[in-house]
Amino acid sequence: MAQKSEEDDKVRLDKWLWAARFFKTRALAKAAIESGKVHCRGERCKPGKEPRIGDEFEIRTGFDEKTVVVQALSIVRRGAPEAQTLYAETEASIAKREAAAAMRRAGALGVTTDGKPSKKQRRDLFKFRGNSGGE
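Small disclaimer: the values here were computed from a predicted structure and weren't measured.

Novice: Can you explain the pattern of salt bridges? Please cite residues and give values.
Specialist: Taken as a whole, this structure holds seven salt bridges when the rule is applied. Between R26 and D14 there is a salt bridge whose closest N-O contact spans 3.5 Å. Taken together, the residues R26 in helix α2 (residues 26-34) and D14 in helix α1 (residues 13-19) connect sequence positions twelve residues apart. Residue classification places R26 among the partly exposed positions, given a relative accessible area of 33%. Notably, a salt bridge pairs E50 with R52, separated by 3.1 Å at the nearest N-O pair. For E50, a relative accessible area of 29% gives the class partly exposed. Taken together, the shared-partner salt bridges in this structure form one network comprising R12, D14 and R26.

Here it is in structure tokens:
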């Protein structure tokens, strides 16, 4: 279980995201917050924001977007089972993530091709882009 101490009452958002294992490093957490990938109540956050128990955050990592509710605060990064006790993902978020993953697996998102282009198609691409392509 996450340890509760007086210094945990004033934890920075980037440190909490790192401790909850959403990002591998604090620098990545800070960069994600600054680039607008973390929202609280629909608004962008700052890395120094102090999360409170009960706050709801929308966190975008890669293709996934999670909506989590803060359940505990910690500034110490521990194992994954302990990190999962720091937050709870909402039911709607889980359903939305699973639906998006199913669509990605089905190939509904992104471009599907017949494979790599033939030599003629590759030449046409290079001609279209205006570069020589090593020729």
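Past the structure itself, the notes keep going.
Novice: Break down the sheet that holds strand β4 (residues 64-70) for me, with residues and values.
Specialist: Across the sheet, five strands lie side by side as β2-β1-β3-β4-β5; this open sheet has antiparallel pairing. Each having just a single partner strand, β2 (43-44) and β5 (87-89) make up the two edges of the open sheet. Helix α4 (residues 91-106) contacts β4 and β5 of the sheet and is inclined by roughly 165 degrees relative to β4.

Novice: Summarise the pairing of β4; cite the residues concerned and give the values.
Specialist: Inspection of the sheet shows strand β3 (residues 56-61) paired to β4 by six bridges, in the antiparallel sense. Bridge pairing links E56 to V69 in β4. Adjacent in sequence and paired antiparallel, β3 and β4 are bridged by two residues, among which G62 carries a positive phi angle near 65 degrees. As defined by bridge partners, β4 adjoins β5 across three bridges and the pair is classed as antiparallel. Residue pairing for β5: V69 is matched across the bridge by A88.

Rules used in this analysis
- Note that residues are indexed from 1 along each chain, following the sequence as it is written.
- Totals for whole chains, interfaces and linings use every residue, but because this is a predicted model, local features are given only for residues with pLDDT of at least 70 and side-chain atom pairs only at 80 or more, for both listing and counting.
- As a rule here, side-chain values come from all non-hydrogen atoms in the structure, and water together with hydrogens is ignored.
- Salt bridge, as used here: a side-chain nitrogen of Lys or Arg that lies within 4 Å of a carboxyl oxygen of Asp or Glu.
- Note on conventions: DSSP H or I runs of at least 4 residues are helices, E runs of at least 2 residues are strands, and numbering of each starts at the N terminus.
- Only protein chains enter the calculation, and the probe is 1.4 Å; a residue is then buried if its accessible area is under 20% of its type maximum, exposed if over 50%, and partly exposed in between.
- Strand pairing requires that DSSP identify at least two bridges connecting the strands.
- Contacts were defined at the residue level, with two residues in contact if any of their heavy atoms lie within 4.5 Å.
- Every axis in this analysis is a line fitted to C-alpha atoms, fitted for helices over the stretch in contact. Angles between the N-to-C directions lie between 0 and 180 degrees.

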